[in-house]
Amino acid sequence: MLHKVAVITSGGDSPGMNAAIRAIVKAANYHDIEVYGVEGGYQGLIEDKLSIIRTPDVETIANKGGTILKTSRSLAFMDDSGRKQAVEVLRNYGIADVIVIGGEGSLQGAQKLHELGIRVIGIPGTIDNDLDYTDYSIGFDTTLNTVLSSIGRIKDTGLSHNKTTIVEVMGRHCGDLALFTAVAGEGDIISTPELKLSFEQICEKLQDKISKGRNDNIIVVTERMYDLDELQRFIEEEMNIEVRTTVLGFIQRGGEPSAFDRILANKMGVKAVNMLMEGQSGYAIGIKANQLIEKDLRTMLDEKTDKQPNYDLLDMLLHTI
Ligand SMILES: Nc1ncnc2c1ncn2[C@@H]1O[C@H](COP(=O)(O)OP(=O)(O)O)[C@@H](O)[C@H]1O
Ligand SMILES: O=P(O)(O)OC[C@H]1O[C@](O)(COP(=O)(O)O)[C@@H](O)[C@@H]1O
Ligand SMILES: [Mg+2]
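Here the structure is a predicted model, which means the values were calculated and not measured. (Residues numbered from 1 in each chain as written. Chains lettered and ligands numbered in written order. Predicted model: local features only at pLDDT ≥ 70, side-chain atom pairs only at ≥ 80, totals over all residues. Heavy atoms only, no water.)

**Brief notes about the site of ligand 2**
Lining the immediate environment of ligand 2, one finds 13 residues, of which Gly12, Thr126, Asp128, Glu223 and Arg224 sit closest. In the environment of ligand 2, an oxygen atom lies 2.8 Å from a nitrogen or oxygen atom belonging to the side chain of arginine 73. Contact between ligand 2 and arginine 224: an oxygen atom at 2.6 Å from a side-chain N or O atom of the residue. Against a free-state accessible area of 480 Å², the protein chains account for coverage of 80% of ligand 2. Split into classes, the residues belonging to the shell around ligand 2 amount to three nonpolar, four polar and six charged. (Near = heavy atom within 4 Å. Polar contact = N/O pair within 3.5 Å; in protein donor to acceptor, adjacent residues only side chain to side chain. Areas by Shrake-Rupley, 256 points an atom, 1.4 Å probe, with all protein chains shown as cover. Nonpolar A, V, L, I, M, F, W, Y, C, P; charged D, E, K, R; others polar.)

**Some thoughts on the UniProt feature "binding site: ADP" (unreviewed entry) in the protein**
UniProt records the feature "binding site: ADP" (unreviewed entry) at Arg22, Ala23, Ile24, Val25, Lys26, Lys155 and Lys212, using the numbering of this structure. The greatest C-alpha distance among the residues just named is 56.0 Å, and with 191 residues of sequence between them they are spread in space as well. By secondary structure assignment, the location of arginine 22 is in helix 1 (residues 17-30). Classification of arginine 22 as buried rests on a relative accessible area of 18%. Classification of lysine 155 by relative accessible area gives partly exposed; the value is 28%. (UniProt positions renumbered as here; feature names shortened; annotations may be inferred. Helix = DSSP H or I, 4+ residues; strand = E, 2+ residues; numbered from the N terminus. Buried < 20%, exposed > 50% of the residue type's maximum accessible area, 1.4 Å probe, protein only.)

**Section: the packing of helix 1 against helix 10 (residues 259-277)**
Put simply, helix 1 and helix 10 touch, their axes get as near as 7 Å, and they point 35 degrees apart. Where helix 1 crosses over helix 10, the two elements pack in a sense that is right-handed. Counted together, Ala19, Ala20, Arg22, Ala23, Ile24, Ala27 and Ala28 of helix 1 and Arg262, Ala265, Asn266, Gly269, Val270 and Val273 of helix 10 form the full contact between these two elements. Of the residues contributing to the contact of helix 1 with helix 10, the split by class is nine nonpolar, two polar and two charged. (Axes fitted to C-alpha atoms, helices over the stretch in contact; angles between N-to-C directions. Left-handed = near helix turned anticlockwise from the far one by under 90°. Contact = heavy atoms within 4.5 Å.)

**Side note on a negative patch on the surface**
Taken together, Glu200, Glu204, Glu237 and Glu238 make up a surface patch of like negative charges. Every element with two or more residues in the negative patch is listed here: helix 8 (199-211) and helix 9 (228-239). With respect to the helices and strands, the residue glutamate 204 is situated in helix 8. Owing to a relative accessible area of 56%, glutamate 204 belongs among the exposed residues under this scheme. (Patch = residues over 30% accessible without salt bridge, like charges linked within 9 Å, V, L, I, M, F, W, Y side chains within 5 Å. Salt bridge = Lys/Arg side-chain N within 4 Å of Asp/Glu carboxyl O. Lys, Arg positive; Asp, Glu negative; His and termini not counted. Charge placed at Lys NZ, Arg CZ, Asp CG, Glu CD.)

**Some remarks on the sheet that holds strand 6 (residues 164-169)**
On the basis of which strands lie adjacent, the open sheet formed by four strands has the order 7-8-6-9 and parallel pairing. What marks the edges here is a single partner per strand, and that holds for strand 7 (189-191) and strand 9 (243-247). For this sheet, the mean angle separating the axes of adjacent strands, direction not counted, is 20 degrees. Relative to strand 9, strand 6 runs parallel, the two being bridged by five bridges. Directly across from glutamate 168, in strand 9, lies its bridge partner valine 247. With respect to the sheet, helix 9 is in contact with strand 6, strand 8 (218-222) and strand 9, its orientation differing from that of strand 9 by roughly 160 degrees. (Pairing = 2+ DSSP bridges.)

So, in structure tokens, the structure goes:
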């Protein structure tokens, strides 16, 4: 019988993590299961920062960005000794079941806990959408909407001044944020890790747009691909135009979660509790073709951790912009 479960948010915060926490606490409490919130990700687990959270504590958090539990990137948890300490802390509380909400690294950590005899279910929470086993991770949709509305504002200035703007979005090594932005109709030229354009190719595309009367182009690029100062200077010199650069940065990670993320978080949170009640462990919950799926963590991590390029979308894009 499941009596106690710990919940951890880990890695970069993502909008919808709170909605997932709320769903977990409400579903668990409904079945008389006590929930321990771990403060500050795996680091908080190692440092014994656990406290009971109850339904009244979470009733009003579904619309809040970030995570009420706080999060971290924990170096100590990367070591065997740190993980053993974490397991020791859980045992001292009599906790054998854990739900981890986080990205790829966090799910690696979840698998390690599973291997150490803790029952674990992972929930994908990252704005990057860089997990290949699931169509969507919690937070991606909200961030995509933030990117779209930010570009809308930048476009007002671009249109008013006939100016070209480079906009850098997050995503780590995954181009989904840039890619979906373009498919949603913003961004005139995109470059992602999966479809990387050279400086020269960007200028060629820009020339084509300018020759068709567009002087207010927006170039959307995924972070970590270019030295943006160099790219801006190259375009300015090559094309003899003025260019501005905006790095959207942490504007993208916070904010009120979208309905999509809140609903996804709710479904996944409830499912995680149900799976633990059935004694399951070592799985990540995902969504494929609009159906929740259970993916064996070890298999998922072995198969491929990088998101595979979304060729359907790329193909559509190549033929439309
Ligand atoms: N291979 C691993 N083994 C154990 N823990 C890991 C591993 N990779 C990451 N983690 C833990 O998960 C945390 C979050 O991972 P990170 O990749 O930074 O973010 P995210 O989970 O959001 O992708 C790390 O700081 C570390 O504590
Ligand atoms: O917040 P940090 O540590 O500077 O990390 C920035 C990175 O975190 C993210 O915002 C989210 O990544 P994760 O979900 O993998 O933690 C990435 O898009 C970005 O590259
Ligand atoms: Mg990640």
